[in-house]
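Residue-level listing of the chains:
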Amino acid sequence: MSEENGSGQLQSLAGDSGYPTFPVAPGYRVNVRSGPGTGYAIVRTLTYGSYVTIRCQCEGETVSGPYGTTAIWDCVGNGQFVSDAYVRTGSDGYVATRCA
């Protein structure tokens, strides 16, 4: 299932979870970290052409990537974060609820 978000970008909704899913920047293998910063341990690495489901977003270390410079980090699993600078959300701001 997919729907258009407020910025005109196509996003898909992951199964019954209701969380939005977005593509990772093409040509990049993105590190998934245990917290919102590059100083946190790498939990896994996303392969080329991956999509991530954003559960929530939080502020963390500022990172520059193909989609700009941002301090927003996307929670893609329990204790798993990727910089929003590597995710094509179609927005420079928050597209999901803030992490608690």
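Residues numbered from 1 in each chain as written. Predicted model: local features only at pLDDT ≥ 70, side-chain atom pairs only at ≥ 80, totals over all residues. Heavy atoms only, no water.

**Comments concerning the environment of Val76**
Here is step 1: Inspection of the secondary structure assignment puts Val76 in strand β8 (residues 68–77).
Here is step 2: Sequence separation between Val76 and Gln57 is 19 residues, and the spatial gap between their C-alpha atoms is 8.9 Å.
Here is step 3: Setting aside its immediate chain neighbours within four residues, Val76 contacts Val32, Arg44, Val52, Thr53, Phe81 and Val82. (Helix = DSSP H or I, 4+ residues; strand = E, 2+ residues; numbered from the N terminus. Contact = heavy atoms within 4.5 Å.)

**Let's talk about the state of the cysteines**
Here is step 1: For the structure shown, the criterion picks out one disulfide.
Here is step 2: Here Cys56 engages in a disulfide with Cys99; their sulfurs sit 2.1 Å apart. Residues Cys56 and Cys99 are joined through a disulfide that is right-handed, its torsion about the S-S bond being 95°. Note that Cys56 is positioned in strand β7 (residues 56–65) and Cys99 in the segment after β9 (80–83), a separation of 43 residues in sequence. (Disulfide = S-S within 2.5 Å.)

**Some points on the side chain of Ser83**
Here is step 1: Among the secondary structure elements, Ser83 is positioned in strand β9.
Here is step 2: When residues no more than four places from it in sequence are discounted, the contact partners of Ser83 are Val63, Thr70, Ile72, Trp73 and Asp74.

**Let's talk about the side chain of Thr21**
Here is step 1: Here Thr21 lies in strand β3 (residues 20–23).
Here is step 2: Here Thr53 takes part through its side chain, which lies 2.9 Å from a polar atom of the side chain of Thr21. (Polar contact = N/O pair within 3.5 Å; in protein donor to acceptor, adjacent residues only side chain to side chain.)

**So, the environment of Thr69**
Here is step 1: The topology assignment puts Thr69 in strand β8.
Here is step 2: Separated by 17 residues in the primary sequence, Thr69 and Tyr86 have C-alpha atoms spaced 9.6 Å apart.
Here is step 3: Those residues in contact with Thr69 that sit more than four places away from it in its chain are Thr62, Val63 and Ser64.
Here is step 4: Polar side-chain contacts of Thr69 include one of 2.7 Å to the side chain of Ser64.

**Observations regarding the environment of Tyr67**
Here is step 1: Positionally, Tyr67 belongs in the loop between β7 and β8.
Here is step 2: Along the primary structure Tyr67 and Gly90 are separated by 23 residues, whereas in three dimensions their C-alpha atoms are 8.9 Å apart.
Here is step 3: In contact with Tyr67, other than residues within four places in its own chain, are Ala25, Pro26, Ala85, Tyr86, Val87 and Arg88.

**Some details on the pairing of β7**
Here is step 1: Bridge count between β7 and β8: seven bridges; the pairing is antiparallel. From the neighbouring strand, Cys58 faces β8, where its bridge partner is Trp73.
Here is step 2: Taking the residues that link successive antiparallel strands as the turn, the β7-β8 hairpin has two residues. (Pairing = 2+ DSSP bridges.)

**A closer look at the nonpolar core**
Here is step 1: Residues Phe22, Val24, Val30, Val32, Leu46, Val52, Ile54, Val76, Val82, Val87 and Ala96 constitute the largest nonpolar core, which totals 11 residues.
Here is step 2: Ignoring any residue separated from it by four or fewer positions in sequence, one finds Leu46 in contact with Val24, Tyr28, Arg29, Val30, Val32, Val52 and Val82.
Here is step 3: One finds Cys56, Cys58, Cys75 and Ala85 within the second-largest nonpolar core, a separate group that totals seven residues. (Core = buried A, V, L, I, M, F, W, Y, C linked by side-chain atoms within 4.5 Å. Buried < 20%, exposed > 50% of the residue type's maximum accessible area, 1.4 Å probe, protein only.)

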